[in-house]
Amino acid sequence: MRGLVFMCLIGCSLANEAVYSWNGPGEPSQPDPGAGNACLTDTESCSCCLMQKQMKRMESFFNMSLNEMRKGLEKAETALKYVRSSRSAFSVALTDTRRCLSSSRDDMVVKYQYIFINLGDGYNVSTGTFTVPRSGVYSLALTAYSDAGAPGALLAACVRLRKNGRAVAALNEYNTQDQEDSTTIVLPIQMETGDKVDVTLLTGCTLCDDNSHFNTFSGFLLYATD
Ligand SMILES: *[C@@H]1O[C@H](CO)[C@@H](O)[C@H](O)[C@H]1NC(C)=O
Ligand SMILES: *[C@@H]1O[C@H](CO)[C@@H](O)[C@H](O)[C@H]1NC(C)=O
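What comes next concerns the included structure. Note that the coordinates shown come from a computational prediction; the quantities given were computed from them, not determined experimentally. (Residues numbered from 1 in each chain as written. Chains lettered and ligands numbered in written order. Predicted model: local features only at pLDDT ≥ 70, side-chain atom pairs only at ≥ 80, totals over all residues. Heavy atoms only, no water.)

### Thoughts on the site of ligand 2
Item 1. Surrounding ligand 2, one finds N124, S126 and T127.
Item 2. N124 places a side-chain nitrogen or oxygen 2.3 Å from an oxygen atom of ligand 2.
Item 3. About the coverage of ligand 2: the protein hides 24% of its 360 Å² of free accessible area. (Near = heavy atom within 4 Å. Polar contact = N/O pair within 3.5 Å; in protein donor to acceptor, adjacent residues only side chain to side chain. Areas by Shrake-Rupley, 256 points an atom, 1.4 Å probe, with all protein chains shown as cover.)

Printed below as a string of C-alpha cells:
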C-alpha cells in the first residue's frame, strides 16, 4: 500500500490530468460520483485518489476471478479423487499350468488362481469371490472350457455365475459329441456395495485349463450409482 501511494504521488505530480477508468472486463466504466467536485478544488489529490480507487477495483476483480478458479479446481480435484477411489476391475483365469478341476460330490466355488488384473482388490484369490466395493452397474464376463479327454467321452463344462449365493446365469456344455468346447456369458448387472459374486462348478462337471487361459472370469465397474 505504501508503494502504491508513493507511485501515486509521483504519478500525480507528473500528470495532473491523468484519467484512470477501467473497471475490469465486462463492466462498463462508471464516472465516480462525487469525484467531480473534489477535482474542481484539488486536481492532484483527485487523480491520485481515482487511481487508487481503480487499482482497488482491479485488485478485487482479479481476486474474485482467482477465487472462482480455485473453487473450480477444488471441485475438479474432488471429482477426480472420487473416480480414482471407485476404480474397480478384475480379470482372472483358472490356472497357469495344465490342470483339470472336477466337482465330484457337491457344487463348489471355482478359485481362479491366475490374476490378470485386480484393480481395487475386489477379487479374493483364496475364496474365489469378488466383493463389490461400490454400488453401480458392473459388467461381468465368464468363459468356461473343458476337454473330455477322448472322442466320445462326456464333456461336462457346467458352471453358474452367482450373486450373493444365488445363480444369475449359467453355462452348460454337456454332451458326448464334442471332445472340447467353450461357452461364454457377458452380463451387465446392478450391484450394491458388499455384494458377492462367484462362480460354482456343478456336481459331476469339469473345467480344464493351461497357460492358454481358456477359463476366465472378469468384471469391471461400468459406472457408479451412489
Ligand atoms: C481476496 O480474497 C480473499 C479470500 O476470499 C480475501 O480474504 C481477501 O481479503 C481478498 N483480497 C482482496 C484484495 O480483495
Ligand atoms: C480373503 O478371504 C479370506 C477369508 O475370508 C480372508 O481371511 C482374507 O483376508 C481375504 N484376503 C483379502 C486380500 O481380502
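The rest of the description comes next.
### Brief notes about the sheet that holds strand β4 (residues 114-119)
Item 1. The strand order across the open sheet built from 5 strands is β4-β1-β13-β7-β10, with neighbouring strands paired in antiparallel fashion. At either margin of the open sheet sits one strand with a lone partner, and together these are β4 and β10 (180-191). Adjacent strand axes in the sheet meet at a mean angle of 10 degrees when their direction is disregarded. (Pairing = 2+ DSSP bridges. Helix = DSSP H or I, 4+ residues; strand = E, 2+ residues; numbered from the N terminus. Axes fitted to C-alpha atoms, helices over the stretch in contact; angles between N-to-C directions.)

### Quick look at the packing of aromatic side chains
Item 1. The full count for this structure, using the stated rule, is 9 aromatic pairs.
Item 2. Ring centres 5.6 Å apart and planes at 40 degrees place the aromatic pair Y112 and F217 in the tilted group. Taken together, the residues Y112 in the loop between β3 (108-109) and β4 and F217 in strand β13 (residues 216-224) connect sequence positions 105 residues apart.
Item 3. Using a relative accessible area of 0% as the deciding quantity, one classes F217 as buried.
Item 4. Site record: aromatic cluster; members linked through ring pairs are F90, Y112, Y123, F130, Y138 and F217. (Phe/Tyr/Trp six-rings, centres within 6.5 Å; stacked < 30°, edge-to-face > 60°. Buried < 20%, exposed > 50% of the residue type's maximum accessible area, 1.4 Å probe, protein only.)

### Quick notes on the site of ligand 1
Item 1. The environment of ligand 1 is made up of E59, N63 and N67.
Item 2. Between an oxygen atom of ligand 1 and a side-chain N or O atom of N63, the distance comes to 2.4 Å.
Item 3. For ligand 1, an oxygen atom lies 3.1 Å from a polar atom in the side chain of N67.
Item 4. Contact with the protein chains hides 34% of the accessible area of ligand 1, taken as 370 Å² for the molecule alone.

### Quick notes on the nonpolar core
Item 1. By size, the foremost hydrophobic cluster in this structure holds 31 residues, and its most contacted members are Y112, L142 and F217.
Item 2. Counting residues per element, the ones that place at least two in this core are β1 (89-93), β7 (136-147), β8 (155-163), β9 (166-175), β10, β11 (196-201), β12 (205-209) and β13.
Item 3. Here the element with the most residues in this core is β8; it accounts for 5 residues.
Item 4. Here F217 is in contact with F90, S91, V92, Y112, Y123, A141, L142, L161, V197, D198 and V199, once residues within four sequence places are set aside. (Core = buried A, V, L, I, M, F, W, Y, C linked by side-chain atoms within 4.5 Å. Contact = heavy atoms within 4.5 Å.)

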